[in-house]
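# A structural walkthrough
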Amino acid sequence: MPKPKVAIIYLSYNARPFIDDVVLSLAKQTYSQDRMKFIIVDNPGKDDSAEYIKKKVLPRSGQDLPETILIPNEKNVGFAIGNNQGIERALLEDFDYVYLLNNDAKFDPEAIERAVEVAEADSKIGSVQSLMLLWQKPEVINSTGGMVHFLGFGFVRDNGAHRTSHVARSRDNEIAYASGAAVLYRADLLRKIGALDEFLWLYHEDLELGWRIRLAGYKNVLAPNSIVYHHYEFSRSIKKWFWMERNRWVVLLTHLRWRTLLLLSPCLLVMELAIYIASIRSGWIREKFLSCVDLFRPATIKNIRAKRRLSQESRKVSDRQIVELFTGKIEHQETSNPIVNFLINPTMSLIWFATKFLIRW
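Residues numbered from 1 in each chain as written. Predicted model: local features only at pLDDT ≥ 70, side-chain atom pairs only at ≥ 80, totals over all residues. Heavy atoms only, no water.

## Thoughts on the side chain of S49
- Position of S49 among the secondary structure elements: in helix α2 (residues 49-57).
- You can call S49 buried: its relative accessible area is 4%.
- Within the structure, S49 has its side chain in polar contact with the side chain of D47 (distance 2.6 Å).
- The residues contacting S49, other than those within four sequence positions of it, are S12, N14, A15, R16 and D42. (Helix = DSSP H or I, 4+ residues; strand = E, 2+ residues; numbered from the N terminus. Buried < 20%, exposed > 50% of the residue type's maximum accessible area, 1.4 Å probe, protein only. Polar contact = N/O pair within 3.5 Å; in protein donor to acceptor, adjacent residues only side chain to side chain. Contact = heavy atoms within 4.5 Å.)

Here it is, written out as structure tokens:
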């Protein structure tokens, strides 16, 4: 029986420093080249990535690389739209799986093989995230899966942990959501529930899709033997706070039942106050304010109402099942400090421990 067909979606954006290593890692895959397709979507940036791909990568299509195509964009259309262009092409061509790979990530030789192996073992697995290690320091973990805080924050698990300290997770490596940097999605499921939410534009797209996967009755899992090396570098950007805060609220208002939102409302209000204070001290109060304003735009309200109706009508599982994988801690470089680690996280974890058992619907 032939192996499943896998389309690898590579969103190129200023990818010139990485493309040679990425292509080399694809050429070394143990998975059958004739069962893969390399779909490159280029969002134009400041380098010559698209021209380089045309000259150096496309001629290798069907040679030492799988069939390779390039979808060039005239402008930067963002993460969700760019990846969806590749996903749409793969779904039209009847692929069994699509694999999203960040422009600054490369494969271990068995990455695709092991990810497909995990997905094929259980038809209820909707997404499979590869174990992400740091490109610069392969002994250090970048991500073992996405975590969702009960107030809507998303962050990667185990970032910065030493690889030897990683222990196989319970629940068959089930995770709240898979990082869009290195993830295999089941194509048939994407045909049913849709791909990345383009309204979000930037940040939370993978979290939101992972949430929809779970609402549909499927699982997101980690494949610890499928390894990807990610050239991750921590950086602060004021602009991203607008998208992160707006999209956090959009996702919560779209997918949680009203009863759950009402139960969480005191914590949400306290957190809003804390975030406003933090934004004043950190210099991104304007972005926080604009994110709140944007939530009340007619277009945003219309989007939330339409998608909320679809979410509530089509869901196969309860909020109680969804929140089982939520956490009360926020564990990320951007928030790590003694106050968060020794006061806020323990307090929020205790509140969440008590609150979670009240969600019976």
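## Quick look at the pattern of salt bridges
- Taken as a whole and judged by the stated rule, the model has 23 salt bridges.
- A salt bridge links E67 to K37; the shortest N-O distance between them is 3.4 Å. Taken as a pair, E67 in strand β3 (residues 67-72) and K37 in strand β2 (residues 36-42) lie far apart in primary sequence, 30 residues in all.
- E67 gets classed as partly exposed once you look at its relative accessible area, which sits at 44%.
- For K37, a relative accessible area of 3% puts it in the buried group.
- A single salt-bridge network, built from bridges that share partners, covers K37, E67, R89 and E93. (Salt bridge = Lys/Arg side-chain N within 4 Å of Asp/Glu carboxyl O.)

## Side note on the sheet that holds strand β8 (residues 146-149)
- If you walk across this open sheet you meet the three strands as β9-β8-β13, and the pairing is mixed. This sheet does not close on itself; its edge strands, each paired only once, are β9 (154-156) and β13 (326-327).
- Where β8 lies against β13, two bridges are found, and the strand directions are parallel. When the sheet's bridge partners are listed, V148 is paired in β13 with F326. (Pairing = 2+ DSSP bridges.)

## Describing the packing of helix α9 (residues 258-282) against helix α10 (residues 285-295)
- Close contact between α9 and α10 brings their axes to 7 Å; oriented N to C, the two are set at 145 degrees. Between α9, through E272, I275, Y276, S279 and I280, and α10, the contact on the second element is made entirely by I285, K288, F289 and C292.
- Residue classes in the contact of α9 with α10 are distributed as six nonpolar, one polar and two charged. (Axes fitted to C-alpha atoms, helices over the stretch in contact; angles between N-to-C directions. Nonpolar A, V, L, I, M, F, W, Y, C, P; charged D, E, K, R; others polar.)

## Regarding the pairing of strand β6 (residues 125-134)
- Counting buried positions along β6 gives ten out of ten residues, so the element sits mostly inside the fold.
- Across nine bridges, β6 lies against strand β12 (residues 219-230) in parallel orientation. Bridge pairing links S130 to A223 in β12.
- Bridge count between β6 and strand β11 (residues 182-186): three bridges; the pairing is antiparallel. Its bridge partner lying in β11, Q129 is registered against V183.
- Direction of pairing for β6 relative to strand β7 (residues 141-143): antiparallel, over a ladder of two bridges. Across the sheet, the residue bridging to M132 is S143, located in β7.

## So, the pairing of strand β4 (residues 97-101)
- Most of β4 sits out of view: five of its five residues are buried.
- Residues Y97, Y99 and L101 point to one face of β4 and V98 and L100 to the other, with burial holding for every one of them.
- Both β4 and β11 contribute to a ladder of five bridges, which runs antiparallel. Note that in β11 the partner of Y99 across the bridge is L184.

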